[in-house]
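Spelled out from the first residue to the last, the chains are:
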Amino acid sequence: MTNLVERPTSPRGGRRREELVAAGIDLLREEGWPAVTTRGVAERAGTNPGLIHYHFGGLPGLHAAIARAAGELVIGPLVAELLGAVDARAALDRIRDMLGETTGDERATRLAVEVIAGAARDPALGEVLREQLRQARGQIGEALGRMYPEWPAERRAGAAVLVTAAVDGLMLHYLLDPGLPVGQAVSAAEGLLS
């Protein structure tokens with residue numbers, strides 16, 4: 001049997017795939033992974049459920065495409081902000097600002113929680129998220145290399161892991177406790193840079 005997911009698509013087919021993924025992301029934000037069914041996504045997109053098999057090879061392929069797109073929506077803006085910082089202090093300032101902005105957006109928060117929950121339950125979705133996090137750490141490591149060219153590759157890679165884990169951890173703690181003293185945490189990190 002041919003791999004239906006990797007077949008070339010027309011512009012119209014590409015748009016239809018995007019519509020189906022967008023419908024799945026909306027359902028994921030609103031009701032979680034249990035709502036992301038073939039029928040639910042097709043109804044939300046206003047199309048035939050058979051197109052999910054045609055474009056994605058079935059529900060698992062659609063889930064992977066949704067997880068990939070949702071991961072990009074969750075991870076991409078954070079990484080872009082960090083990569084746009086001119087130095088480590090500017091990055092820390094952006095982290096301080098982003099926590100309130102990101103965790104105050106209920107739809108983004110729900111999407112992040114569902115992506116993580118799906119990755120924990122489904123090995124295929126877990127691999128999608130792991131790959132996205134690997135790419136994010138690699139990009140952050142490259143940015144650290146530009147900021148600190150004297151650092152060896154191992155140190156840059158280790159620092160990239162710490163940065164991404166710190167941002168994830170601060171976001172989780174801030175979600176659970178909006179009174180978290182984020183400013184104090186960022187100031188402590190600034191002190192470590194001195």
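Residues numbered from 1 in each chain as written. Predicted model: local features only at pLDDT ≥ 70, side-chain atom pairs only at ≥ 80, totals over all residues. Heavy atoms only, no water.

Caption draft 1: Representation of the overall build of the protein. When its secondary structure is counted, the protein shows nine helices and zero strands. Going from the N terminus to the C terminus, the protein shows its helices and strands as α-α-α-α-α-α-α-α-α. Taken along the three principal axes of its C-alpha coordinates, the protein extends 60 × 35 × 30 Å. Counting over 194 residues, the protein shows a buried share of 36%. Across the protein, every contact between residues at least 6 apart in sequence was considered, and the portion connecting residues at least 24 apart equals 65%. Placing the 21 positive and 25 negative side-chain charges of the protein at their respective mean positions leaves the two points 6 Å apart. (Helix = DSSP H or I, 4+ residues; strand = E, 2+ residues; numbered from the N terminus. Buried < 20%, exposed > 50% of the residue type's maximum accessible area, 1.4 Å probe, protein only. Contact = heavy atoms within 4.5 Å. Lys, Arg positive; Asp, Glu negative; His and termini not counted. Charge placed at Lys NZ, Arg CZ, Asp CG, Glu CD.)

Caption draft 2: Highlighting the pattern of salt bridges. Within this structure, the stated rule accounts for 11 salt bridges. Arg 29 is paired through a salt bridge with Asp 26; the nearest N and O atoms lie 3.8 Å apart. Linking Arg 29 with Asp 26, this pair stays in helix H1 (residues 11–31), spanning three residues, or about one helical turn. Between Glu 30 and Arg 44 there is a salt bridge whose closest N-O contact spans 2.8 Å. Separated by 14 residues along the polypeptide, Glu 30 in helix H1 and Arg 44 in helix H2 (residues 38–45) bring together distant segments of the chain. Where salt bridges share partners, they join Glu 127, Arg 130, Glu 131 and Arg 134 into one cluster. (Salt bridge = Lys/Arg side-chain N within 4 Å of Asp/Glu carboxyl O.)

Caption draft 3: Spatial organisation of the packing of H1 against helix H6 (residues 106–121). Where H1 meets H6, the closest approach of the two axes is 8 Å, and the angle between their N-to-C directions is 95°. Between H1 and H6, the interaxial angle falls into the category roughly perpendicular. On H6, the residues that touch Ile 25, Asp 26, Leu 28, Arg 29, Glu 30 and Glu 31 of H1 are Arg 107, Arg 110, Leu 111 and Glu 114. When grouped by side-chain class, the residues that make up the contact of H1 with H6 number three nonpolar, no polar and seven charged. (Axes fitted to C-alpha atoms, helices over the stretch in contact; angles between N-to-C directions. Parallel < 35°, antiparallel > 145°, perpendicular 65-115°, else oblique. Nonpolar A, V, L, I, M, F, W, Y, C, P; charged D, E, K, R; others polar.)

Caption draft 4: Structural context of the confidence of the model for the protein. The share of residues in the protein with pLDDT of 70 or more is 92%, and the mean pLDDT across the chain is 87. Confidence, read as mean pLDDT per element, is least for helix H5 (residues 88–103) in the protein (78) and greatest for H2 (96). (pLDDT = per-residue confidence, 0-100.)

Caption draft 5: Expanded view of the packing of aromatic side chains. Per the stated rule, a full pass over the model turns up one aromatic pair. Relative to Trp 151, the ring of Tyr 148 lies with its centre 4.3 Å away and its plane at 10°, an arrangement referred to as stacked. The buried category is assigned to Trp 151, whose relative accessible area is 14%. (Phe/Tyr/Trp six-rings, centres within 6.5 Å; stacked < 30°, edge-to-face > 60°.)

Caption draft 6: Inspection of the side chain of His 63 at higher detail. Note on placement: His 63 falls in helix H4 (residues 59–83). There is a polar contact of 2.8 Å between the side chain of His 63 and the backbone oxygen of Val 36. With sequence-adjacent residues up to four places away left out, His 63 is seen in contact with Trp 33, Val 36 and Leu 125. (Polar contact = N/O pair within 3.5 Å; in protein donor to acceptor, adjacent residues only side chain to side chain.)

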